[in-house]
There are 2 protein chains.
Amino acid sequence: MARLEFAVARSVAFANLGSPCATCEIRKIGVCGSLDADELRELCQIVKESDCPEGRIVFSEGDAAENLYNVVRGAIRLSKLLPDGRRQVTGFVFPGDFLGIAFNDIYAYSAEAVSATHLCRFPRRGMERLVKSIPNLEHRLLGEAANELVAAQDQMLLLGRKTAKERVASFLLALADRARRRGRPDAQVAVPMSRTDIADYLGLTTETVSRSFTKLKTAKIIRLEPHGLVTILDLEGLSDLAQGGDGTDD
Amino acid sequence: MARLEFAVARSVAFANLGSPCATCEIRKIGVCGSLDADELRELCQIVKESDCPEGRIVFSEGDAAENLYNVVRGAIRLSKLLPDGRRQVTGFVFPGDFLGIAFNDIYAYSAEAVSATHLCRFPRRGMERLVKSIPNLEHRLLGEAANELVAAQDQMLLLGRKTAKERVASFLLALADRARRRGRPDAQVAVPMSRTDIADYLGLTTETVSRSFTKLKTAKIIRLEPHGLVTILDLEGLSDLAQGGDGTDD
DNA sequence: CGCCCTTTTGACTCCACTCAAGCGTCGTGG
DNA sequence: CCACGACGCTTGAGTGGAGTCAAAAGGGCG
């Protein structure tokens with residue numbers, strides 16, 4: 001986390017030069033990354049920044065979809081509810097990810113802050129206007145949506161066909177993969193969400209998630225550190241488990 | 001089915017007037033529906049039509065994503081496999097639906113014909129060129145992708161949190177809803193796919209799917225007809241069941 | 001230090017899976 | 001035209017993995 005905080009501090013020093021986007025630390029990985037200086041200035045005119053404390057609801061399933069968001073810092077969980085309270089977390093949104101692509105102008109899920117989160121908010125109206133003058137923007141949004149679709153299909157495979165152990169292993173691998181792609185190729189993976197959130201994401205109960213973690217720990221495949229950190233001791237073993245290997249390689 | 005066949009026959013009579021798209025019976029509901037005459041002519045220049053017999057593989061998970069498709073008649077199933085053979089069907093594609101939106105230029109799933117299917121094939125290269133001159137096209141593709149995302153999230157809720165009975169009820173409702181939106185507001189729903197396909201779609205076994213159908217039948221909520229037709233006798237009861245009601249309303 | 005909330009562990013239950021047998025339907029060939 | 005076989009669907013009996021209920025252990029914060 002220390003490295004990221006430094007980047008933020010440096011950005012703040014330049015913040016009064018004009019557009020907030022010009023100094024955004026996650027711009028290069030977000031949707032905004034594909035825009036040139038002029039386009040970025042246009043985008044800046046409609047963006048509003050905001051902070052969400054842990055637990056804050058950004059929007060709820062069924063709300064009119066009035067905004068798009070880009071996560072700058074923190075993490076968001078997306079979830080759907082059944083009438084009797086059963087919950088499915090459909091995804092986690094991390095810095096650089098887009099949030100709020102909706103159809104029918106209605107959000108299909110709720111979004112809540114897993115931890116203190118910093119967001120860029122783009123009014124849908126303004127975006128629609130902007131899209132007409134910046135074709136690149138829609139292209140990038142389509143890419144983002146295609147990405148999410150691939151992730152959703154992987155998750156369907158996980159929910160429909162994987163065992164509890166395989167689900168937890170896949171989840172840790174996905175977090176590690178993401179961290180690696182975002183330039184933190186560390187064996188230490190940050191797991192900021194609660195066991196309940198993980199359970200609702202993986203279609204399990206907290207007890208089963210906890211037991212699965214314990215089994216991975218006992219098998220010397222991971223180590224549970226304080227502050228929601230997990231050290232991956234045997235990446236290959238974890239990969240095998242995630243796709244149906246029985247974990248008996250050595 | 002008879003009504004549809006008639007429409008096809010009529011289309012064929014006009015087919016030699018020029019572009020095949022001009023007489024396409026599903027154009028108004030597909031991605032092509034939002035194009036004007038000029039744009040349609042451009043699209044026609046890159047489209048290739050093709051027929052797939054039942055069981056034919058259109059493309060496989062991991063293949064280079066060289067084409068986009070539009071289903072004209074029939075049905076396609078999308079599926080992913082685990083190394084040990086466990087299968088998850090991630091979706092069914094029906095007439096008017098788009099197929100093949102991929103990221104990384106690699107298909108994330110396999111596509112196979114559930115029944116004899118007629119497809120329009122668009123080379124990706126050509127589409128990319130076309131998208132530059134027809135911004136509308138990308139807009140429509142984004143809409144399609146957003147739609148698929150919403151469906152994927154519903155499916156995650158189903159796979160992660162619903163019981164077997166709820167899953168089968170939800171599945172039938174989704175088929176009925178689709179038929180209604182496509183102008184066949186009938187209590188008779190066509191279920192063209194096998195129990196195995198349904199099971200792999202719902203994260204169950206064929207036996208459990210079959211038992212669930214039987215229970216719905218015994219509860220007088222549906223009636224199983226020959227040729228893969230299902231009559232919905234109690235739509236309200238089915239809706240209740242799909243979302244967690246216990247089915248004890250009368 | 002003590003409280004509260006999350007996580008872990010334990011004992012038992014149950015829903016869906018597995019294995020197995022019967023049934024119905026369709027297509028084929030005698 | 002019917003007999004046969006193949007395949008898909010249904011039904012039955014028994015098992016097991018994850019859920020439920022309950023209690024202990026850990027960790028963070030005032």
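So, how was this worked out
- Residues numbered from 1 in each chain as written.
- Chains lettered and ligands numbered in written order.
- Predicted model: local features only at pLDDT ≥ 70, side-chain atom pairs only at ≥ 80, totals over all residues.
- Heavy atoms only, no water.
- Near = heavy atom within 4 Å.
- Polar contact = N/O pair within 3.5 Å; in protein donor to acceptor, adjacent residues only side chain to side chain.
- 1 Å grid on protein atoms, 1.4 Å probe; cavity = no way out; pocket = protein on both sides within 12 Å on 5 of 7 lines; lining within 4 Å.
- Points joined across faces, edges and corners; volume = space filled by probe spheres on them.
- Helix = DSSP H or I, 4+ residues; strand = E, 2+ residues; numbered from the N terminus.
- Nonpolar A, V, L, I, M, F, W, Y, C, P; charged D, E, K, R; others polar.
- Contact = heavy atoms within 4.5 Å.
- Buried area = accessible area lost by both parts, 1.4 Å probe.
- Salt bridge = Lys/Arg side-chain N within 4 Å of Asp/Glu carboxyl O.
- Phe/Tyr/Trp six-rings, centres within 6.5 Å; stacked < 30°, edge-to-face > 60°.
- Lys NZ or Arg CZ within 6 Å of the ring centre and 35° of its normal.
- Pairing = 2+ DSSP bridges.
- Axes fitted to C-alpha atoms, helices over the stretch in contact; angles between N-to-C directions.
- Buried < 20%, exposed > 50% of the residue type's maximum accessible area, 1.4 Å probe, protein only.

A. Structural context of the protein's contact with DNA strand D. In the vicinity of DNA strand D there are 16 residues, among which Thr208 and Arg211 of chain A together with Arg195, Ser210 and Thr214 of chain B approach most closely. For DNA strand D, the backbone makes up 65% of the atoms found within 4 Å of the protein, where backbone means sugar plus phosphate. Backbone polar atom of Ala164 of chain A to a phosphate oxygen of DNA strand D: 2.9 Å apart, as the coordinates give it. Taking Arg211 of chain B, its side chain carries an N or O atom lying 2.9 Å from a base nitrogen of DNA strand D.

B. Representation of empty space enclosed by the protein. Tallied over the entire structure, the rule returns two cavities of 30 Å³ or more. When its volume is computed, the largest cavity comes out at roughly 80 Å³. Surrounding the largest cavity, 13 residues form its lining, Ile101, Ala102 and Tyr109 of chain A together with Leu149 and Gln153 of chain B being those nearest its centre. Elements with a minimum of two residues in the lining of the largest cavity: strand 6 (98-99) of chain A together with helix 4 (135-161) of chain B. Counting residues per element, the lining of the largest cavity draws most heavily on helix 4 of chain B, which supplies four residues. When its residues are assigned to classes, the lining of the largest cavity shows 10 nonpolar, two polar and one charged. There is about 40 Å³ of room inside the second largest cavity. What lines the second largest cavity is Cys21, Cys24, Ile26, Cys32, Asn70, Val72 and Cys120 of chain A. Looking at the lining of the second largest cavity residue by residue, the class counts come to six nonpolar, one polar and no charged.

C. Region of the structure containing the interface of chain A and chain B. Of the residues lining the interface, 43 residues belong to chain A; the matching set on chain B comes to 43 residues. Here chain A meets chain B over a buried area of about 3900 Å², counting both sides, of which 66% is carbon and sulfur. Note that Arg161 of chain A and Asp200 of chain B form a salt bridge whose closest N and O atoms lie 2.8 Å from each other. Across the contact surface, chain A and chain B share 16 residue pairs in polar contact (both at pLDDT 80 or more). Counting only elements with at least two residues in the side of chain A that touches chain B, the list comes to strand 4 (76-81), strand 5 (87-93), helix 4 (135-161) and helix 6 (195-202) of chain A.

D. Examining the packing of aromatic side chains more closely. For the structure shown, the criterion picks out 14 aromatic pairs over all chains. Geometry around Phe213 of chain A places Arg195 of chain A over its ring, the cationic atom sitting 4.2 Å from the centre.

E. A look at the sheet that holds strand 10 (residues 222-225) of chain B. All names here are of chain B. Spatial strand order, 9-11-10: three strands in an open sheet with antiparallel pairing. Each having just a single partner strand, strand 9 (188-190) and strand 10 make up the two edges of the open sheet. Adjacent strand axes in the sheet meet at a mean angle of 25° when their direction is disregarded. In the packing of helix 5 (residues 164-181) onto the sheet, contacts are made with strand 9, strand 10 and strand 11 (229-232), and the angle to strand 9 comes to roughly 100°.

F. Summary view of the pattern of salt bridges. The final tally for this structure, using the stated rule, is 28 salt bridges over all chains. Between Asp200 of chain A and Arg87 of chain A there is a salt bridge, and its shortest N-O distance comes to 2.6 Å. Separated by 113 residues along the polypeptide, Asp200 of chain A in helix 6 and Arg87 of chain A in strand 5 bring together distant segments of the chain. Each member of the pair, Asp200 of chain A together with Arg87 of chain A, is buried. Each of Arg77, Arg87, Glu112, Asp197 and Asp200 of chain A together with Arg161 of chain B takes part in one network of salt bridges that share partners.

G. Spotlight on the sheet that holds strand 5 of chain A. Residues and elements named next belong to chain A. Pairing within the open sheet is antiparallel, and its four strands lie in the order 2-7-4-5. Looking at strand neighbours, the two that pair on one side only are strand 2 (57-59) and strand 5, the edges of this open sheet. Each strand of the sheet is rotated relative to its neighbour by a mean of 30°, with strand direction disregarded. Bridge analysis of strand 2 against strand 7 (residues 110-113) gives two bridges, and the strand direction is antiparallel. Paired with Phe59 across the strands is Ala111, a residue of strand 7.

H. Region of interest: the pairing of strand 10 (residues 222-225) of chain A. Residue and element names in this part refer to chain A. Where strand 10 lies against strand 11 (residues 229-232), four bridges are found, and the strand directions are antiparallel. Residue pairing for strand 11: Ile222 is matched across the bridge by Ile232. Hairpin remark: strand 10 followed by strand 11, antiparallel, with three residues in the connecting loop; positive phi at His227, about 60°.

I. Summary view of the environment of Ala113 of chain B. All names here are of chain B. Tracing the backbone shows Ala113 in strand 7 (residues 110-113). Sequence separation between Ala113 and Glu54 is 59 residues, and the spatial gap between their C-alpha atoms is 5.2 Å. Setting aside residues no more than four positions away along its own chain, Ala113 makes contact with Cys52, Pro53, Glu54, Gly55, Arg56, Ala75 and Ile76.

J. Structural context of the protein's contact with DNA strand C. Arg195, Ser210 and Thr214 of chain A together with Ala164 and Thr208 of chain B are the nearest of the 15 residues found near DNA strand C. A share of 64% is what sugar and phosphate atoms reach among the atoms of DNA strand C within 4 Å of the protein. One of the side-chain nitrogen or oxygen atoms of Glu207 of chain B is found 3.0 Å away from a base nitrogen of DNA strand C. Between Thr208 of chain B and DNA strand C, the recorded distance is 2.5 Å, taken from a side-chain N or O atom to a phosphate oxygen. Listed by contribution, the elements that provide at least two residues to the surface near DNA strand C are helix 7 (206-218) of chain A together with helix 7 (206-218) of chain B. Residues of the surface near DNA strand C, tallied by class, amount to three nonpolar, seven polar and five charged.

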